[in-house]
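Analysis of the macromolecular model
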Amino acid sequence: PIATALAGSAGGNLAAMVVSVTIPVFNVLAVIALEMFNGSKPSFFKTLVGIIKNPLILASVAALLFLNFNIHIPDIINSTMERISSITSPLSFLMLGAYFSFSEVSNYVKQITVVSLFKLIIFPAIFILAAVFLGFASVEIAVIFAVFASPVAIGSFTMAQEMGGDSKLAGQLIIFTSILSVFTIFLLIFLLKHFSIL
């Protein structure tokens, strides 16, 4: 939606192509990170199984197979899935809100500050500046902005829970980066428009 708002349908189409690559890559990296830092000795086999069983990776592989073999989902199933998908993020935030505790914020101030700073300001700035210097078009910069300036993904909370990670920290990061991104995205778009990058 961010890429579409900034660059129209061309941005949305390009973002869809980019997401088909970034979701599997980010999820593989997330599984590896959670396996390495969950408090137990890392296991190559367990990490490999975690990657293979990851729902988002499985969905990406299934989508590629459907595209490759030109398999069409019946309209009634497709429209139902689209309606269900439209409520997944709000429902996930609702469930996360029930889990969230303000009393635990003080335990994670340092982590929230560092992650928010890097995720919402430093990483977007680095990748956008690199794209500008490499001569990328405004549509491509809009997609890079959408990928790297977005808050922490809501799915990371469930993944942290399932893999024995710090789900409380994951929940705090999702909530605070989502709130702060309202301001950082506005500021970054303002700066990109001001310097005629977008």
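It should be emphasised that the depicted structure is a prediction, and the values quoted were computed from it without experimental measurement.

On to the overall build of the protein. Within the protein one finds eight helices and zero strands. Each helix and strand of the protein, ordered N terminal to C terminal, gives the series α-α-α-α-α-α-α-α. A compact globule built from 198 residues should have a C-alpha radius of gyration of about 16 Å, and the protein, at 18 Å, falls within 12% of that. With respect to the three principal axes, the spread of C-alpha positions in the protein is 50 × 50 × 35 Å. Residues classed as buried in the protein amount to 29% of the 198 residues present.

Turning to the packing of helix α5 (residues 109–133) against helix α6 (residues 138–148), a few remarks are in order. α6 packs onto α5 with a crossing angle of 160° between their chain directions and a minimal axis gap of 9 Å. It follows that α5 is roughly antiparallel to α6 by the angle criterion. Every pair of crossing elements has a handedness; the one defined by α5 and α6 is right-handed. Contacts between α5 and α6 pair Lys119, Pro124, Phe127, Ile128, Ala131 and Val132 from the former with Ile141, Ile144, Phe145, Val147 and Phe148 from the latter. For the contact of α5 with α6, the per-class residue count stands at 10 nonpolar, no polar and one charged.

Our focus in this paragraph is helix α2 (residues 44–53). For α2, every residue scored as buried is listed here: Thr47, Gly50 and Ile51. In an axial view of α2, the angular spread of the buried residues amounts to 100°, which keeps them on one side of the axis. Facing away from the buried side of α2, by more than 90 degrees, are the exposed residues Phe45, Ile52 and Lys53. The inward-facing, buried residues of α2 contact α1 (2–36) and α3 (55–68).

Thresholds, definitions, all that
- Residues numbered from 1 in each chain as written.
- Predicted model: local features only at pLDDT ≥ 70, side-chain atom pairs only at ≥ 80, totals over all residues.
- Heavy atoms only, no water.
- Helix = DSSP H or I, 4+ residues; strand = E, 2+ residues; numbered from the N terminus.
- Rg over C-alpha atoms; globule rule 2.2 N^0.38 Å.
- Buried < 20%, exposed > 50% of the residue type's maximum accessible area, 1.4 Å probe, protein only.
- Axes fitted to C-alpha atoms, helices over the stretch in contact; angles between N-to-C directions.
- Parallel < 35°, antiparallel > 145°, perpendicular 65-115°, else oblique.
- Left-handed = near helix turned anticlockwise from the far one by under 90°.
- Contact = heavy atoms within 4.5 Å.
- Nonpolar A, V, L, I, M, F, W, Y, C, P; charged D, E, K, R; others polar.
- Arc of directions from axis to C-beta.

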